[in-house]
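Results of the structural survey
One letter stands for each residue in the lines below.
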Amino acid sequence: MTYKRIVILTGAGISADSGVDTFRDPDGVWSQYDWQEVATPEGFARNPVLVHDFYNMRRAGLAEVAPNAAHTALARLERDSHAEVLIVTQNVDDLHERAGTTNIIHMHGEMKKVRSQCDGHVLAWHTDLSVDTPCPQCGEPGCLRPHVVWFGEMPFSMDRIGRALAECDLFVSIGTSGNVYPAAGFVAEVRAKGHAHTVEINLEPSEGHSLFAETAYGRAAETVPQFVDRLLR
Ligand code: BJW
């Protein structure tokens, strides 16, 4: 393997084989919930009880799932390759970390964290959250929110991601439909800034599939380990 800096963007499709619902597939999260009600700051302001219930249910669901072969293969890539491997995930689950990945950015936040709206303080959180939960910092009820990025909010660590995209020599996109920006624009950014090889691994061609130099289609739990085996050979 000749690559020195690898950036891997992951989306809901990598966790699908673990039993976590994707968003836009026919039986996905957005077929059951209106994203404007549960994934916008305006929805949270209108009905915080509904939004807390939505995230409480998904947070509790994490106890029922485990990393699959795709998460494990990416952790193996980080551990066994000489390249610097950075995972930029849009996922709010913790399956990459549970598989052993350490160099990771959760650009859309993390389900097992909450944030104080009073002072921006971020806390690890493993139980249900409600409008009555007092903030451990200030003692006020109602000031904690899920530490996730909703539509209209700025994703996290964009400066660090921008630098990594500019410097990488391999960019791989796994399990994302390419519907949501800025992540959907990363492949174009990589192509504009450098000479990195670009690879899409997904169940089916994404919105931006034609921008990738190489593509592989199939279930992530099968395609990602094969791809990693090839890189490590
Ligand atoms: C498998 C598989 C298997 C299935 N194996 N694969 C017009 C242009 C540009 C931008 C905008 C625009 N209009 C509005 C915007 C902005 C907006 C946006 O993009 N809207 C679009 C809908 C048009 N974006 C934002 O508001 C973002 N913020 C922002 O832009 O700030 C300004 C800014 C500007 C410039 C630079 C920087 C910032 C914030 C977006 C926040 C998204 N939040 C959510 C919820 C997070 C919390 C939570 O989980 O509840 O993030 S929405 C949801 O979508 C979640 C996901 O991370 C995200 C992406 O979804 P993903 O991962 O791609 O999942 P799916 O379901 O779409 O696709 C799964 C794929 O897997 C499919 O292709 C399947 O085929 C595949 N698959 N099984 C392999 N077994």
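Below: a short report on this structure.

Cut-offs and rules
Residues numbered from 1 in each chain as written. Predicted model: local features only at pLDDT ≥ 70, side-chain atom pairs only at ≥ 80, totals over all residues. Heavy atoms only, no water. Helix = DSSP H or I, 4+ residues; strand = E, 2+ residues; numbered from the N terminus. Buried < 20%, exposed > 50% of the residue type's maximum accessible area, 1.4 Å probe, protein only. Lys, Arg positive; Asp, Glu negative; His and termini not counted. Salt bridge = Lys/Arg side-chain N within 4 Å of Asp/Glu carboxyl O. Polar contact = N/O pair within 3.5 Å; in protein donor to acceptor, adjacent residues only side chain to side chain. Contact = heavy atoms within 4.5 Å. Near = heavy atom within 4 Å. Areas by Shrake-Rupley, 256 points an atom, 1.4 Å probe, with all protein chains shown as cover. Nonpolar A, V, L, I, M, F, W, Y, C, P; charged D, E, K, R; others polar. Core = buried A, V, L, I, M, F, W, Y, C linked by side-chain atoms within 4.5 Å. Axes fitted to C-alpha atoms, helices over the stretch in contact; angles between N-to-C directions. Parallel < 35°, antiparallel > 145°, perpendicular 65-115°, else oblique. Left-handed = near helix turned anticlockwise from the far one by under 90°. Pairing = 2+ DSSP bridges.

With respect to the helices and strands, the residue Glu200 is situated in strand E8 (residues 197-202). Within the buried set, Glu200 has no salt-bridge partner at all; the shortest N-O distance to an opposite charge, 11 Å, is to Arg191. Reaching out from Glu200, the side chain makes a polar contact with the side chain of Ser206 at a distance of 2.5 Å. Apart from the residues lying within four places of it in its own chain, the contact partners of Glu200 are Ser173, Pro205, Ser206, His209, Phe212, Glu214, Thr215, Ala216 and Tyr217.

Looking now at the site of the ligand. Close contacts around the ligand come from 36 residues, with Tyr55, Arg58, Thr176, Ser177 and Tyr181 the closest. Contacts to the ligand include Phe23, whose backbone N or O atom sits 2.7 Å from an oxygen atom. Here an oxygen atom of the ligand and a side-chain polar atom of Thr176 are 2.7 Å apart. Burial of the ligand by the surrounding chains reaches 77%, relative to a free accessible area of 1500 Å². Elements that contribute at least two residues to the shell around the ligand include exactly helix H1 (12-16) and helix H5 (48-61). If one sorts the elements of the shell around the ligand by residue count, H1 sits on top with three residues. Of the residues that constitute the shell around the ligand, the class distribution is 17 nonpolar, 12 polar and seven charged.

Another aspect to go through is the nonpolar core. With 21 residues, the main nonpolar core has Ile8, Leu74, Val172, Ile174 and Val224 as its most contacted residues. At the level of secondary structure, the elements contributing two or more residues to this core comprise strand E1 (5-10), helix H6 (69-80), strand E2 (84-89), strand E7 (170-174), E8 and helix H10 (220-232). The leading source of residues in this core is H10, at five residues. Beyond its immediate chain neighbours, meaning those up to four positions away, Ile8 contacts Leu74, Leu77, Val85, Leu86, Ile87, Val88, Val172 and Ile174. Ranked by size, the runner-up nonpolar core spans 17 residues in total, among them Leu86, Ala164, Phe171 and Ala183.

Moving on, we get to the packing of helix H8 (residues 158-167) against helix H9 (residues 186-193). Between two packed helices, both the angle of their axes relative to each other and the distance between the axes serve to describe the pair. Between H8 and H9, whose axes approach to 8 Å, the crossing angle comes to 50 degrees. Accordingly, the angle class assigned to the pair H8 and H9 is oblique. Crossing geometry of H8 relative to H9 is assigned as right-handed. For the pair formed by H8 and H9, the contact residues are Met158, Ile161, Gly162, Leu165 and Ala166 on the first element and Phe186, Glu189, Val190 and Lys193 on the second. Tallied by class, the residues present in the contact of H8 with H9 amount to six nonpolar, one polar and two charged.

Bringing the packing of H6 against H10 into the picture now. Direction vectors running N to C along H6 and H10 enclose 15 degrees, while the axes themselves pass 7 Å from each other. Our classification of the angle between H6 and H10 gives roughly parallel. Of the two possible hands of crossing, H6 and H10 adopt the one that is left-handed. Residue-level inspection shows Ala69, Ala70, Ala73, Leu74, Arg76, Leu77 and Asp80 of H6 in contact with H10, the latter providing Ala220, Ala221, Val224, Pro225, Val228, Asp229, Leu231 and Leu232. Class assignment of the residues belonging to the contact of H6 with H10 gives a composition of 12 nonpolar, no polar and three charged.

So, about unusual backbone geometry. Both trends apply: most residues other than glycine have a negative phi, and most peptide bonds are in trans. Between Tyr181 and Pro182 the backbone carries a cis peptide bond, its omega angle lying at 5 degrees. Along the chain, Pro182 falls in the loop between E7 and H9. Even without being glycine, Ser157 reaches a positive phi, approximately 60 degrees. Along the chain, Ser157 falls in the loop between strand E6 (144-148) and H8. On the basis of relative accessibility, which here comes to 37%, the residue Ser157 falls in the partly exposed class.

The sheet built from six strands is open, its strands ordered E3-E2-E1-E7-E8-E9 with parallel pairing. Two strands in the sheet have a free side with no partner beyond their single neighbour: strand E3 (104-106) and strand E9 (214-217). Taking each pair of neighbouring strands and ignoring which way they run, the sheet shows an average axis angle of 15 degrees. Both E2 and E3 contribute to a ladder of three bridges, which runs parallel. Counterpart to Thr89 in the pairing with E3 is His106.

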